Amino acid sequence: MRRVLLKLELNKKMKALSWAVSPRLPISKGSLNWLIFCLLMVIAGHVTHIPVWAALGALFIVVWRLRMVRKRSPLPANILRFMLTAGAIAGVVVTYRSYLGRDPGITALVILSSLKLLELKSHRDFMFVVFLCYFLVLGNFLYTQSIPSLIFMAAAVILITAAILRLNYQESESLKTSSLLKSAAKLFIFSLPFMLVLFFLFPRTSGPLWNLPQDPEGKYRSGFNDSIYPGQIAQLANSKIPAFRVTFPDDNLPRHKDLYFRGVILWFTNGRRWVQGILPARRPRQINENPEAGIRQEIILEPHFRRWLFALDMPTILPYWSRQLPGRIFHTRRIVERYVSYRVTSQVDYRSAEELTATFRRWALQLPRDLSRRIRELALSWREQAASDSEIVQSALDYFRDPGFVYTLKPGVMDRERPFEDFLFNKKKGFCEHYAGAFALLLRAAGVPTRILTGYQGGIYNPVGKYLLVRQSEAHAWCEVWLEGEGWRRIDPTAVISPERIEYGIDMSNTLSSLGGAGDDRQDAIDNALRRGFFKNLFQTLEDYWDTINNKWNLWIMSYDLYRQRSFLESLGIEHLGRWTLVVFIILIVAGLLILFSFLLRRKSALSEPLLELYRRFCNKLGRAGLRRLAWEGPLDFARRAAAKFPRSAGDIEQVTNLFIELRYGRQAVDDLHLKELKKHIARLAPKTEH
Amino acid sequence: MGKKTKKNPVITRPTKPGFFLFLVLLAMLVASANYGNNMAYILTFLIFSLILVVFLQTRNNLKGLEIKNVQPQPAFAGSRVRFTLELHNRLSGKRYGIYLTFPGAESPDDLYGPFTVGPFSSATGEISLPAPKRGRFTLSDIIILTVFPLGVFRVHSGLKADKSYLVYPKPGGFLPWPEPEVHSEGDGEGSQLKGGDDYVGSRPYRPGESMHHIDWKAVARGRSLNIKEFSGGGSGQLWFDWSKVGGSGTEGRLSQLARWVLEADERGSVFGLRLLTSEIGLGSGSGHTIKCLNELTLFDSRK
């Protein structure tokens, strides 16, 4: 008890040291240069995000400050700084008509941080600029979260750390840039394990803590809207932007022509556009029949700022957190504004035997009141000849087999009022949405329930990462028709016009459509396109590697959220951990790492001093030759004995001993040069007895 | 039992910049969570991890540092007492940014440093602390402190010094130079004195002194008021006597006596010091002076 009290009292005495007793480090020229360089670097990361005047203004101020450092001239007057600040804020408000949001915020941060340099005098100001630098690095991630941005961040953090180090070293000695960077990099590397633990275990929230203002521009990268009109998907045909990547854990990648990824069902049309309409969403219903036919997929979806999720036709087991819409399509609860990864199971040849309800029949037969007369007449002529709905489907497909119809990326502009009529009877050049839209109109006019699906067809298999890359250019539209006794059947009119699109993919059909031709020429062209030269192969492989890295990045970093964290912890065997348990868990691991690191970083005692180590080596060498140093023997006595026993090496023995004594007990400071010399002498020593 | 409690604890506190860095990190964490931005999470956790490693490094920076040869320098009340000392690193690793201070330090001005100490080697340092009052004091601890490498944490620890030191009374008072006492008996001591009216030199006049000794000729030549000094002041003995320094309280009297002692030492005079209960005989030289000053310093405590 007394001991505890004593200790407490001692602690109290020591802790009483006032908070203010902390060195105020002088801002050296070197540290200021470092800091300005760091600021310049993080501002450079934002150059494309801010208006030109802000970038030039910040650059001007930074260069001005650098000049002041070099010339040791005084800082500008308060009034000037105040005016510059006010001017900058006014500039932001005028440029953006707002001071809230991402872009105005970043612009203001850039200018104010450069202005802060103009009043940088104390340790406190220095650290303030450091904090601003951190925020500016953070701001980068509001624009991009790619792998290069990670490298940029690592470089920025190391440089900023080096700048703070430079300040803390003060003028204690002439510091080399390389040694500063080395210390900073060492700190960085030591901190990585902690960072990884925190990143993967820190409890994630299921959504934003509060709603953020949405930035209007640049959000709609996705291929299509929740409606299509002729010419819309064709715009995407050359877009190599990834839509999502699919891994097949069972290695059962379906054939290319079965790679239909369902996205949205468009039920309603006004004769110009097809739209989804407002549909009831409910919890996903899982289909568990015939599970061995299921194709499991792990999909990492790029942010498309919509809610749709994609899956191979026909998805049977949907993510539990998703929402299902009529027609077995599904979406997220929230707009997909960052990478989302999910697991889904599909059966390629799944047929639903459900009856068509009256509502769905009404929807699937909905037609615009002003449907073109020619379309209606064509459809009715089929109806009259056909005995069943499937024959009507056949008639429609046969109609598209007419050589006049061309599958092309550049269908041209259709008539505004009756685009599908214009396409069917005049232009006859179309992309998938033209064929799907016209087909659906014709079938509905003939009384066959039909709906349009949009999604993706095809994809490029990446043999390196073993996944399927689906790009925006793979966007596709096709139809589903209701056939009595069979259910919904997928009918893709595009497959009739351009079988290559479905068999080989969009790239092939693009190549072919640029070539033109038909028959044998066409087959030759296909073979030609499939053949690859050495360089093309190499390039493709490199591209595959890079995309694989991106895929891993998206899987482990970009899409790591509450759900991924849950499944990650489950894969570690930790399940149902509460948020606070997780925090305790983190603290324990971090504490363990700290203990480990404090052992690794511990200061070593003099026993491992290099000088003693070298002398020990010397003694061992003589010991191996047959002369052991006695425990009580001083270096001089030992040297005398050794010189007598090994007269040939007497010179070396003497030199080693003298140097050691001088370094150990004399005035000579131990430095690398002397140690090297000592080492050299010991290496040369070859004690041999006289014969 | 006692052994462990004697070891002074090493205390780590965030510095002000460190504290603000924590606030910044908190803001960054909230931003990361809000945007669900994983890269922002990575940056936040990375900086936090850097701080964790820096925590270890800052604590490591003090490990194995010892203080040796603490030597107090003479000091008078009202000034500062300086200590020279040796800072020794008995472990590996060069130490940068080491500061020294004393318990009760209140501002960064009380910090002495930065010192750099190489591995297995020493550096000399100096600290000073205020000496407001005369007497014997003990410097129990010297606080060794560092914020290296990033200035985010302040680590400090008390190192046992247990060094006692004296603070002499502040020299002061305006009383004139005491008249030498003429003793009829005991010529022995008197014979050591220099002859009667030997001119020794001159020094500036202080208010309250006898006008007789002013070097009026020099004044006439346009110099300032100087006192002509004569050693011995006749054949009398110079005694600084407590009982003859009237008024102005104990400290005032001691101040006056200290001033005389110092002045006498400066002039190289032979003098004696007589206090209430003790007496230091006639003598001269720095040893004698220090003996007298010690006597004055410890005066009260003898009572």
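Please read all numbers here as calculations on a predicted model, not as lab measurements. (Residues numbered from 1 in each chain as written. Chains lettered and ligands numbered in written order. Predicted model: local features only at pLDDT ≥ 70, side-chain atom pairs only at ≥ 80, totals over all residues. Heavy atoms only, no water.)

Engineer: Can you walk me through the overall build of chain A in this structure?
Structural biologist: A count of helical and extended segments in chain A gives 24 helices and 19 strands. Taking 2.2 N^0.38 as the reference for a compact globule, 691 residues should give roughly 26 Å; the C-alpha atoms of chain A span a radius of gyration of 37 Å, well beyond that estimate. Judged by the C-alpha coordinates and their principal axes, chain A covers about 120 × 80 × 65 Å. Evaluated residue by residue, chain A yields a buried proportion of 49% over its 691 residues. Restricting to contacts in chain A with at least 6 residues of sequence separation, those with at least 24 account for 73%. (Helix = DSSP H or I, 4+ residues; strand = E, 2+ residues; numbered from the N terminus. Rg over C-alpha atoms; globule rule 2.2 N^0.38 Å. Buried < 20%, exposed > 50% of the residue type's maximum accessible area, 1.4 Å probe, protein only. Contact = heavy atoms within 4.5 Å.)

Engineer: Help me understand the confidence of the model for chain A in this model?
Structural biologist: Looking at chain A as a whole, the pLDDT averages 85, with 92% of positions reaching at least 70. When the criterion is pLDDT under 50, residues 215–222 of chain A qualifies, and its contacts beyond four places in sequence or with other chains add up to 13 contacts. (pLDDT = per-residue confidence, 0-100.)

Engineer: Got a minute to help me understand the pairing of strand β4 (residues 79–89) of chain B in this structure?
Structural biologist: It is a general feature of regular strands that their side chains alternate between the two faces of the sheet. Relative to β4 of chain B, strand β2 (residues 65–72) of chain B is paired through 6 bridges, and the arrangement is antiparallel. Within β4 of chain B, the residue paired with proline 72 of chain B across the bridge is phenylalanine 83 of chain B. (Pairing = 2+ DSSP bridges.)

Engineer: Looking at this structure, I do not really get the sheet that holds strand β4 (residues 268–269) of chain A. What am I missing?
Structural biologist: For sheets, the rule is that strands pair by backbone hydrogen bonds, running either parallel or antiparallel. Taking strand neighbours across the sheet as the criterion, the 3 strands line up as β1-β5-β4 (chain A) in an open arrangement whose pairing is antiparallel. Two strands lie at the open edges of the sheet, namely β1 (227–228) and β4 of chain A, each paired on one side alone.

Engineer: Please explain a nonpolar patch on the surface as it appears in this structure.
Structural biologist: Judged by side-chain polarity, Trp19 of chain A together with Phe19, Phe20, Leu23 and Leu26 of chain B come together as a nonpolar surface patch covering roughly 490 Å² of accessible area. Residue placement: phenylalanine 19 of chain B occurs in helix α2 (residues 16–35). (Patch = residues over 30% accessible without salt bridge, like charges linked within 9 Å, V, L, I, M, F, W, Y side chains within 5 Å. Areas by Shrake-Rupley, 256 points an atom, 1.4 Å probe, with all protein chains shown as cover. Salt bridge = Lys/Arg side-chain N within 4 Å of Asp/Glu carboxyl O.)

Engineer: Got a minute to help me understand the interface of chain A and chain B in this structure?
Structural biologist: Accessible area lost upon the coming together of the parts serves often as the stated size of an interface. Facing the 73 residues of chain A at the interface are 76 residues of chain B. Taken over both partners, the interface formed by chain A and chain B buries close to 7,000 Å², and the fraction arising from carbon and sulfur atoms is 72%. Counting every contact that joins chain A to chain B gives 1 salt bridge. One salt bridge connects arginine 24 of chain A with aspartate 109 of chain B, and the closest N-O pair in it is separated by 3.0 Å. Our count for the contact surface shared by chain A and chain B stands at 16 residue pairs in polar contact (both at pLDDT 80 or more). For the side of chain A that touches chain B, the secondary structure elements donating two or more residues are α1 (2–15), α6 (123–140), α7 (147–169), α8 (177–201), α18 (534–558) and α20 (579–600) of chain A. Of the residues in the side of chain A that touches chain B, the class split is 45 nonpolar, 17 polar and 11 charged. (Buried area = accessible area lost by both parts, 1.4 Å probe. Polar contact = N/O pair within 3.5 Å; in protein donor to acceptor, adjacent residues only side chain to side chain. Nonpolar A, V, L, I, M, F, W, Y, C, P; charged D, E, K, R; others polar.)

Engineer: Honestly, the side chain of threonine 332 of chain A in this entry has me stumped. Any pointers?
Structural biologist: Residue and element names in this part refer to chain A. Mapped onto the elements of the fold, threonine 332 is located in the loop between β11 (329–331) and β12 (340–346). Polar side-chain contacts of threonine 332 include one of 2.4 Å to the backbone oxygen of arginine 334. Those residues in contact with threonine 332 that sit more than four places away from it in its chain are Arg307, Leu309 and Trp321.

Engineer: I keep staring at helix α3 (residues 38–60) of chain B and nothing clicks. Help me out?
Structural biologist: Note that an α-helix has 3.6 residues per turn; residues three or four places apart therefore point the same way. All names here are of chain B. For α3, built from 23 residues, the straight-helix expectation of 33 Å at 1.5 Å per residue is met to within 8% by its first-to-last C-alpha distance of 33 Å. Taking burial as the measure, the 23 residues of α3 include 20 buried ones, the bulk of the element. The backbone nitrogen of methionine 39 has a side-chain oxygen 3.1 Å away, supplied by the residue at the start of α3, namely asparagine 37. (Expected span 1.5 Å × (residues − 1).)

Engineer: I would appreciate a short explanation of the side chain of asparagine 551 of chain A in the present structure.
Structural biologist: All names here are of chain A. One can find asparagine 551 in helix α18. With relative accessibility at 6%, the residue asparagine 551 sits in the buried group. Ignoring sequence-local partners within four residues, the contact set of asparagine 551 consists of Arg245, Thr247, Ile300 and Tyr467.

Engineer: Could you clarify how one ought to interpret empty space enclosed by the protein in this entry?
Structural biologist: One way to see where empty space is left: roll a probe the size of a water molecule over the atoms. Residue and element names in this part refer to chain A. For the coordinates displayed, the defined rule picks out 5 cavities of 30 Å³ or more. In this structure, the largest cavity occupies an estimated 100 Å³ of space. If you go around the largest cavity, you meet 14 residues; those closest to its centre are Gly271, Asp370, Ser372, Glu417 and Arg418. Ranked by residue count, the leading element in the lining of the largest cavity is helix α12 (residues 419–427), at 3 residues. Broken down by class, the residue content of the lining of the largest cavity amounts to 6 nonpolar, 3 polar and 5 charged. (1 Å grid on protein atoms, 1.4 Å probe; cavity = no way out; pocket = protein on both sides within 12 Å on 5 of 7 lines; lining within 4 Å. Points joined across faces, edges and corners; volume = space filled by probe spheres on them.)

Engineer: What am I meant to see in helix α10 (residues 373–385) of chain A here?
Structural biologist: When the terminal C-alpha atoms of α10 of chain A are compared, their 19 Å separation across 13 residues agrees well with the 18 Å that a helix rising 1.5 Å per residue should span. Next to the buried residues of α10 of chain A lie α11 (389–400), α12 and α13 (432–445) of chain A.

Engineer: Got a minute to help me understand the nonpolar core in this structure?
Structural biologist: Counting 138 residues, the largest nonpolar core has Tyr134 and Phe199 of chain A together with Leu43, Leu100 and Ile142 of chain B as its most contacted members. Judged by nonpolar contacts, the second largest core, of 75 residues, contains Leu266, Ala311, Ala379 and Met414 of chain A. (Core = buried A, V, L, I, M, F, W, Y, C linked by side-chain atoms within 4.5 Å.)

Engineer: Got a minute to help me understand the confidence of the model for chain B in this structure?
Structural biologist: Close inspection of predicted coordinates is inappropriate in any region flagged by low pLDDT. Residue and element names in this part refer to chain B. Looking at chain B as a whole, the pLDDT averages 81, with 84% of positions reaching at least 70. Put simply, helix α1 (residues 2–6) is where chain B has its lowest mean pLDDT, 39, and α3 is where it has its highest, 95. Segment residues 1–6: pLDDT under 50, and 4 contacts once partners within four positions in sequence are set aside and those in other chains are kept. Confidence over residues 184–196 falls short of pLDDT 50; this stretch has 13 contacts with residues more than four positions distant or in other chains. For this predicted complex, the interface confidence reaches an ipTM of 0.78, while the overall pTM sits at 0.76.

Engineer: Explanation requested: the pattern of salt bridges in the structure shown.
Structural biologist: One side chain can pair with another of opposite charge once the charged atoms of both are near each other. All names here are of chain B. Considering all chains together, one arrives at 33 salt bridges over all chains under this definition. Measuring nitrogen to oxygen at the nearest pair gives 3.1 Å for the salt bridge that ties glutamate 126 to arginine 82. Within this pair, whereas glutamate 126 is found in strand β7 (residues 122–131), its partner arginine 82 is found in strand β4, the two being separated by 44 residues in sequence.

Engineer: Would you mind going over the packing of helix α21 (residues 610–624) of chain A against helix α24 (residues 672–684) of chain A with me for this structure?
Structural biologist: Packed helix pairs are characterised by how far apart their axes lie and by the angle those axes make with each other. All names here are of chain A. Two numbers describe how α21 lies on α24: the axes approach to 10 Å, and their chain directions differ by 10°. In terms of orientation, α21 and α24 fall into the roughly parallel class. Residues Pro610, Leu611, Leu614, Arg617, Phe618 and Lys621 of α21 touch α24, and the partners they reach there are Leu675, Leu678, Lys679, Ile682 and Ala683. In terms of residue class, the contact of α21 with α24 is built from 8 nonpolar, no polar and 3 charged. (Axes fitted to C-alpha atoms, helices over the stretch in contact; angles between N-to-C directions. Parallel < 35°, antiparallel > 145°, perpendicular 65-115°, else oblique.)

Engineer: Got a minute to help me understand the packing of aromatic side chains in this structure?
Structural biologist: For any two aromatic rings, the description comes down to two numbers: the centre-to-centre distance and the angle of the planes. A complete count under the given rule lists 55 aromatic pairs over all chains for this structure. With centroids separated by 5.2 Å and ring planes inclined at 75°, the aromatic side chains of phenylalanine 534 of chain A and phenylalanine 535 of chain A adopt a geometry described as edge-to-face. Phenylalanine 534 of chain A sits in the exposed class, given a relative accessible area of 60%. For phenylalanine 535 of chain A, a relative accessible area of 64% gives the class exposed. Centroid distance phenylalanine 240 of chain B to phenylalanine 271 of chain B: 5.3 Å. Interplanar angle 40°. Geometry classified as tilted. With phenylalanine 240 of chain B in strand β12 (residues 238–241) and phenylalanine 271 of chain B in strand β13 (residues 271–274), the pair connects residues that are 31 residues apart, well separated along the chain. In terms of burial, phenylalanine 240 of chain B and phenylalanine 271 of chain B fall into one category: buried. By way of ring pairs, the aromatic residues Trp382, Tyr399, Phe400, Phe405, Phe423, Tyr435 and Phe439 of chain A are connected into one cluster. (Phe/Tyr/Trp six-rings, centres within 6.5 Å; stacked < 30°, edge-to-face > 60°.)

Engineer: Would you take a moment to explain the domain arrangement of chain A for this structure?
Structural biologist: Domain boundaries assigned for chain A yield domain 1 (23–170) and domain 2 (609–684). Look at where the C-alpha atoms of domain 1 of chain A and domain 2 of chain A centre, and you get two points 57 Å apart. (Domains from an automatic or database assignment.)

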